[in-house]
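# Breakdown of the fold
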Amino acid sequence: MRQHSGKSNLRGILPALLLLFGLTLPWFCYMLLLFPVFPAAVQADAAEPGELPAEPRPQIPGDYGGEKLIALTFDDGPRRSTTTRLLDGLSERGVQATFFLIGAQIEGNEDVIRRMDNEGHQIGIHTYDHVKLTGLNRADFDAQVEKSRMLLKETLGHNDFLLRPPYGMLDDSVKAWAGCPIILWSIDPEDWDDKNADREVQQIVSEAQDGSIILMHDIFPESVDAALRVVDALHAQGFLFCTVDELFAARGIELEARKVSTDPKLKMMDLIAKVDK
């Protein structure tokens, strides 16, 4: 009797269990769809069929999302020892700068200049012998600017170089003959004077604003030290470094020949407004 009673109870319970299982299975499958057991990050990072994995978005002109932009520029190079160390430090930090080169120092440093170009830095002209361009006749002007331009063109295979006149000195002839945009600066720590890296860093960081153009010289070891420290300090403050072209393009401003620019702040503080009137 006890064995018979046990079998009867089992036959009574079994249909109820099957019914319960049938009712709960769809709910269980639905919950798996909502809360998968594998990590969500794997799904988010996976590429769609036929697509390559997503790469980090590059920072491009006009796509800075309202970030503070600043341009780091260097004059008087290249000098192999200091310029190469600077390029190493900038590369480690993912920073592009703008270099205004002396024509007389191009020969023998072609590989350094090609590295600048290949790593995304912008290159400009700073005359052949670092002489004042004001008051020169056309032949002497061309010996300083056009000669440097041709050497850079032969080295790099393109001809889109900016001009920065030594000492920032210019006149109507310089503007007329430049053949490219003329770029000055808005922050000058005079790093050539006392070669004091601590002072230079303090001055640049305290004066830095969105749209500033910093003037330094990559021929001094102290300036290289200061420049890399400035990059670290301003990165920590949310600044993004870019080339001069990128700085103006991000503001929707097209650089033009015969025009002289300092920095492209919100109202375009373009020096041309002063020198052309």
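Figured I'd write up the structure that's included with this text.

Calculation rules
- Residues numbered from 1 in each chain as written.
- Predicted model: local features only at pLDDT ≥ 70, side-chain atom pairs only at ≥ 80, totals over all residues.
- Heavy atoms only, no water.
- Helix = DSSP H or I, 4+ residues; strand = E, 2+ residues; numbered from the N terminus.
- Buried < 20%, exposed > 50% of the residue type's maximum accessible area, 1.4 Å probe, protein only.
- Polar contact = N/O pair within 3.5 Å; in protein donor to acceptor, adjacent residues only side chain to side chain.
- Contact = heavy atoms within 4.5 Å.
- Arc of directions from axis to C-beta.

## A closer look at the side chain of threonine 73
Its location among the elements puts threonine 73 in strand β1 (residues 68-77). By relative accessible area, which is 0% here, threonine 73 ends up buried. At a separation of 2.5 Å, a polar atom in the side chain of threonine 73 contacts the main-chain carbonyl oxygen of isoleucine 214. Once you skip the residues sitting within four places of it in the chain, threonine 73 turns out to touch Thr98, Phe100, Arg164, Ile213, Ile214, Leu215, Met216 and Val244.

## Quick word on helix α4 (residues 110-118)
Within α4 the residues assigned to the buried category are Val112, Ile113 and Met116. For α4, the arc enclosing every buried residue in end-on projection is 100°, short of the 170-degree limit, so these residues lie on one face. Where the residues of α4 are buried, they touch α3 (80-93), β2 (98-101), β3 (122-125) and α6 (146-156). Following α4 by one or two positions, glycine 120 adopts a phi angle in the positive range, close to 90°.

## Here's the deal with the environment of phenylalanine 248
Locating phenylalanine 248 in the fold gives a position in helix α10 (residues 244-250). Take phenylalanine 248: its relative accessible area is 1%, and that puts it in the buried class. The spatial distance from the C-alpha of phenylalanine 248 to the C-alpha of leucine 69 is 9.9 Å, given a sequence separation of 179 residues.

Worth remembering: the numbers are spatial, not functional.
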